[in-house]
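Report on the structure
Listed below, chain by chain, are the residues.
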Amino acid sequence: MTPKRDYFTCLKECTSNMSSITIANGSSIEACGIGTVSANIVGHKGDASNMVAQNTLYVPDMRHSVLSVLQMIENGRKVVFNKSGCHIMDMKGGRSGINPRWKTYLDKIDQALEDYQPCQAKDCSCYTDNINSPVVLFEGINQDVVRQALSRGVHYQILNHTLYRQQDCLFPFRCRGVEHFLHPMLPQLPDLEFSLNTHDWPQVPRNWDPLPVFSFSKTSQYWDIMYPAWTFWEGGPAISLYPTGIGRWDLHRKSIMRAAEQWSWQKKKPKGFFRGSRTSAERDPLILLSRSNPELVDAQYTKNQAWKSDKDTLGADPASEVSFEDHCPYKYLFNFRGVAASFRLKHLFLCNSLVLHVDKEWLEFFYPALREWVHYIPVDRDLHSVRELLDFAKENDQVAKEIADRGFAFIKDHLSLKEVRCYWRRLLRSYAKLLNYKPVQDPKLIRITPQASS
């Protein structure tokens, strides 16, 4: 029933009141007609549905339209209420009136939302599985195993709440970026020693016996224990915009979110966007798609340290680098892996744009807490579906916006420096409990002071 006369495509009005309706406060109002309503309905998924409801009462004195769930069911539809909203479907489970082309993607979103259990913003609980990974891998860790691990990384010791490290660190800024987080928690940590891999590539493949090596990134084919990358504080790719590396995640969070506020979803350009160097030919299809369909995606290669000629940028002049903040005017942002996991992913989410994450094989510690179709759209490595996914996002704009909103909210709420410190503290405590020997100070190590890591 509805008070909206213009909803009706066919209406038989009555000269006398035909029906009395009792409303919530106990009073009665009268229906003045009956007919057929055809309404365009946009659900939370962004799909436009044309729903026809016959035998609808015209009740001018109502304040709002009312839809009978019982009538929907009796007319062959299915009504589902869940945490993502109310869905009116046919008995086969599809939304009424949607473009059948997008049913597979929309069903994946529905299922992902149904399966997703949001984590609590307490004690970095989103990352508990990774924090507990040493416990899963090892019943105990003896000194011989640690000695083997030390050949794969930088030797650190924490003894009597003091930090020691081997003198040589191949990438000093990477060590400093890690040490920044270790120093404040030293009073809370027991004695321990560990091997920290500062290379991009993980060190312990699964065809070996497990070794307790800490690495910032890995795939499922490695045993390495993931730690938060140094780039949360210092280092990372050095480009003209960030000559000492991207670093300082706390500052980037503020500046990117300020940019996002200036570019609401309605203001953003409805096209894909990517800027980055050609670290892998996996990115080539998107660059070529951009050249043939510039209205669909703006993707260009920039220089990196290995650049020698335009052959290194796929036959074109290198594009100018673009700041993270200047990604925010675009609705659809692409993330590719680099040598290992890409440092840019967390920054892209803060634009509150839809992230299209290519090939989820490579991980950082926080990636597993993000869910495909909930926080981002997954894209296969060969990019064969990228045009279709962009068309899907455009035609289902509200769906795209809601995924972007969830991705933004997750990174905003669960990936501050507070969570990074919490992760480090819990990870090292979990690891230390497994050591079945008492570490003794190695005289070859040097003491690392807070001043040296600032």
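An unreviewed UniProt entry lists the protein under the name POGLUT1, with Cordylochernes scorpioides as the source organism. On record in UniProt, under Pathway (unreviewed entry), the comment for the protein is "Protein modification; protein glycosylation." As stated in UniProt under Sequence similarities (unreviewed entry), the record for the protein gives "Belongs to the glycosyltransferase 90 family."

Attention now moves to the pairing of strand β13 (residues 269-277). With 7 of 9 residues buried, β13 lies mostly within the body of the structure. With 3 bridges joining them, β13 and strand β15 (residues 330-335) adopt parallel strand pairing. Residue pairing across strands places Gly 272 opposite Tyr 332, the latter belonging to β15. Here β13 runs beside strand β14 (residues 297-302); their pairing, made up of 6 bridges, is parallel. Looking at β14, one finds that Phe 273 is bridged to Asp 298. This β-α-β element, β13 to helix α8 (residues 284-292) to β14, shows right-handed connectivity.

The next thing to look at is helix α6 (residues 172-185). Over its 14 residues, α6 runs 21 Å from end to end, which matches the ideal 20 Å to within 8%, given 1.5 Å per residue. Considering bend angle alone, the principal kink of α6 is centred on Glu 179 and spans about 30°. Of all the positions in α6, only Arg 174, Cys 175, Gly 177, Val 178, Glu 179, His 180, Phe 181, Leu 182, His 183 and Met 185 are classed as buried. Those residues of α6 that are buried are in contact with β8 (154-159), β9 (162-166), β10 (192-196) and α12 (417-432).

What follows deals with the sheet that holds β15. Strand order in the open sheet formed by 5 strands is β14-β13-β15-β16-β17, with parallel pairing between adjacent strands. Pairing within the sheet leaves two strands with one partner each, and these edge strands are β14 and β17 (377-379). The average angle at which neighbouring strand axes cross in this sheet is 25°, direction not considered. Sitting on the sheet, helix α10 (residues 386-395) touches β13, β14, β15, β16 (354-358) and β17, and the angle it makes with β15 is about 150°. In this fold helix α11 (residues 397-414) packs onto β15, β16 and β17, with an angle of close to 80° to the strand it touches most, β16.

Reading guide: rules and limits
Residues numbered from 1 in each chain as written. Predicted model: local features only at pLDDT ≥ 70, side-chain atom pairs only at ≥ 80, totals over all residues. Heavy atoms only, no water. UniProt positions renumbered as here; feature names shortened; annotations may be inferred. Buried < 20%, exposed > 50% of the residue type's maximum accessible area, 1.4 Å probe, protein only. Helix = DSSP H or I, 4+ residues; strand = E, 2+ residues; numbered from the N terminus. Pairing = 2+ DSSP bridges. Right-handed = clockwise from strand over helix to strand, strands pointing away. Expected span 1.5 Å × (residues − 1). Bend = angle between axes of the 7 residues up to and from the residue. Contact = heavy atoms within 4.5 Å. Axes fitted to C-alpha atoms, helices over the stretch in contact; angles between N-to-C directions.

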